[in-house]
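Each chain, written out:
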Amino acid sequence: MTTETRAMTEPLLHLQTAAAGRASEGTIASMTDHLALEASVGSYPAQAEAAPVLERAYRDLAGLLGVDEDGVALVGSATDALRTLLMTWPLPNGAAVGVVPAEWGPNVDAFIHHDLRPVLMDVDDRGVLDLDALQRTLRSSPPDVLHLTHLASHRCVSQPVVEAIALCRSAGVTVWVDAAQSLGHLDTAFGADAAYAPGRKWLAGPRGLGILAVRASARDQLTPFRTRTDADLSTIEALRKGERPVAAQVGLAHAVREHVQAGPSERRAALAAAGARLRQVMRDVPGWAVADPLDAVGAIVGLRPTDGQDVEAVQRRLARDHRILVTACLPWRSAEISEPLLRLAPAAALTADEMGCLTSGLG
């Protein structure tokens, strides 16, 4: 056995759930079974047979995101979901979009591309939205939309979405939420005017699908282009008819059902405990500082190099020499990143051996 072959057969320590989770055997089987059905009876009959599974997925996702089931659609990605909102929500050119420094950078790029004006909202010393300052802003110069990335991509800083929604709703301000890192990870049943996420991260669904959820009272505002074949459909119904792989939708439906059956609150508690333990250990690793707030809740752990390490080189070395998958978070991700961070994102608590392997690899 060669060195390369031996390395590939060693157990993999996967700390990239925040990029893409690892699908379960059941999720994989659901997709391959559907593909086999398509080959046997044809794509459209197979899709019709899968309809009850997809309807259940809409109900499950509606419950997780705090909307009614008629408000959920699957699209190509979280990016597609945001583009759909930007193209269908009646915002004038130059409309103000309130964001915080921890906002996902490409979202800001999308706002600017669509002739909107990102406006930084005040945050506290943890990078968390200052609710008192938000109240003052809503009284004096409210944004047209408040857009919050619920849980940041580069470190474990979460925004007070529920409280912000309550304040904005009283002021008549729309709230959109990027739940990319929080769906399946934190409690996301906040019922924002619109929320979106990919299915591949903490829900461990297949790549290539995103989820868009729109609150009932906000759906009438959407004005998408409609073809002559779907002119009588609602926006969500038209989106559901869009062309995307049904096998992937079935796989996501299975992954979401597994999450619901396992218990979302139990899953949240397990991830919080895994992150807390990992942060505790990482604080004692020479050359690295934990970038998360002391009160961080969740399994994302951001590490800041303190000895001038090249974060991208460390990422490559961990993968090559130790079979550990982590993420290098570069400054384009967020306005609050001034230097690259190393991100750890486990799907479960690390064993003592895994923790030892990680600390040794980082040393």
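In case you missed it, the structure is sitting above this.
Structural notes, computed from the coordinates. (Residues numbered from 1 in each chain as written. Predicted model: local features only at pLDDT ≥ 70, side-chain atom pairs only at ≥ 80, totals over all residues. Heavy atoms only, no water.)

### Regarding the pattern of salt bridges
Within this structure, the stated rule accounts for 11 salt bridges. A salt bridge links Arg 155 to Glu 336, with the shortest nitrogen-to-oxygen separation between them at 2.6 Å. Here Arg 155 is found in the loop between β5 (145–149) and α7 (161–171), whereas its partner Glu 336 is found in the loop between β12 (327–329) and β13 (341–344), with 181 residues between them in sequence. We classify Arg 155 as buried; its relative accessible area is 11%. Here Arg 279 and Asp 292 are joined by a salt bridge, their closest N and O atoms 2.7 Å apart. (Salt bridge = Lys/Arg side-chain N within 4 Å of Asp/Glu carboxyl O. Helix = DSSP H or I, 4+ residues; strand = E, 2+ residues; numbered from the N terminus. Buried < 20%, exposed > 50% of the residue type's maximum accessible area, 1.4 Å probe, protein only.)

### So, a negative patch on the surface
A surface patch of negative charge is lined by Glu 55, Glu 69, Asp 70 and Glu 237. Here Glu 69 shows up in the loop between α3 (43–65) and β2 (72–75). For Glu 69, a relative accessible area of 34% puts it in the partly exposed group. (Patch = residues over 30% accessible without salt bridge, like charges linked within 9 Å, V, L, I, M, F, W, Y side chains within 5 Å. Areas by Shrake-Rupley, 256 points an atom, 1.4 Å probe, with all protein chains shown as cover. Lys, Arg positive; Asp, Glu negative; His and termini not counted. Charge placed at Lys NZ, Arg CZ, Asp CG, Glu CD.)

### Description of the nonpolar core
Within the largest apolar cluster, 39 residues are counted, with the highest numbers of intra-cluster contacts made by Leu 61, Leu 146, Leu 183 and Ile 211. Among the elements that make up this core, the one with the highest residue count is α3 (5 residues). Ala 81, Leu 86, Phe 111 and Val 145 belong to the second largest nonpolar core, which has 24 residues in total. (Core = buried A, V, L, I, M, F, W, Y, C linked by side-chain atoms within 4.5 Å.)

### Focus: the sheet that holds β12
With antiparallel pairing, 4 strands are arranged side by side in an open sheet as β9-β10-β13-β12. Strands with a single pairing partner mark the edges of an open sheet, and in this sheet they are β9 (288–290) and β12. Neighbour to neighbour, the strand axes of the sheet diverge by 35 degrees on average, direction disregarded. By the bridge criterion, 3 bridges tie strand β10 (residues 301–305) to β13 in an arrangement that is antiparallel. By the bridge assignment, Gly 302 is partnered in β13 with Arg 343. This element, helix α12 (residues 311–322), spans β9, β10, β12 and β13 of the sheet and lies at about 35 degrees to β13. (Pairing = 2+ DSSP bridges. Axes fitted to C-alpha atoms, helices over the stretch in contact; angles between N-to-C directions. Contact = heavy atoms within 4.5 Å.)

### Concerning the side chain of Arg 155
Separated by 2.9 Å, the side chain of Arg 155 and the backbone oxygen of Arg 126 make a polar contact. Among the polar contacts listed, one links the side chain of Arg 155 to the side chain of Glu 336, at a separation of 2.6 Å. Residue contacts for Arg 155: discarding those within four places in its chain leaves Arg 126, Gly 127, Ala 291, Asp 292, Pro 293, Ile 300, Gly 302 and Glu 336. (Polar contact = N/O pair within 3.5 Å; in protein donor to acceptor, adjacent residues only side chain to side chain.)

### Topic: the packing of aromatic side chains
This structure, assessed with the given rule, holds 2 aromatic pairs. Seen in terms of ring centroids, Trp 104 and Trp 332 are 5.4 Å apart; in terms of plane orientation they differ by 65 degrees. Their pairing is edge-to-face. Here Trp 104, found in the loop between β3 (96–99) and α5 (105–113), pairs with Trp 332, found in the loop between β12 and β13; they are 228 residues apart in sequence, far enough to count as distant. Among the residues examined, Trp 104 registers a relative accessible area of 24% and is labelled partly exposed. Seen from the ring of Tyr 58, Arg 240 lies directly overhead, with NZ or CZ sitting 3.6 Å from the centre. (Phe/Tyr/Trp six-rings, centres within 6.5 Å; stacked < 30°, edge-to-face > 60°. Lys NZ or Arg CZ within 6 Å of the ring centre and 35° of its normal.)

### Observations concerning the environment of Ala 23
Looking at the secondary structure, you find Ala 23 in the loop between β1 (13–14) and α2 (25–41). Each C-alpha atom, one on Ala 23 and one on Val 256, is 11 Å from the other, the two residues being 233 residues apart in sequence. Dropping the residues within four chain positions of it, Ala 23 is found in contact with Ile 28 and Ala 204.

### Some thoughts on the pairing of β13
Judged by which residues are buried, β13 turns out to be covered on both faces: Leu 341 and Arg 343 on one side and Leu 342 and Leu 344 on the other are all buried. By the bridge criterion, 3 bridges tie β12 to β13 in an arrangement that is antiparallel. Looking at β13, one finds that Thr 327 is bridged to Arg 343.

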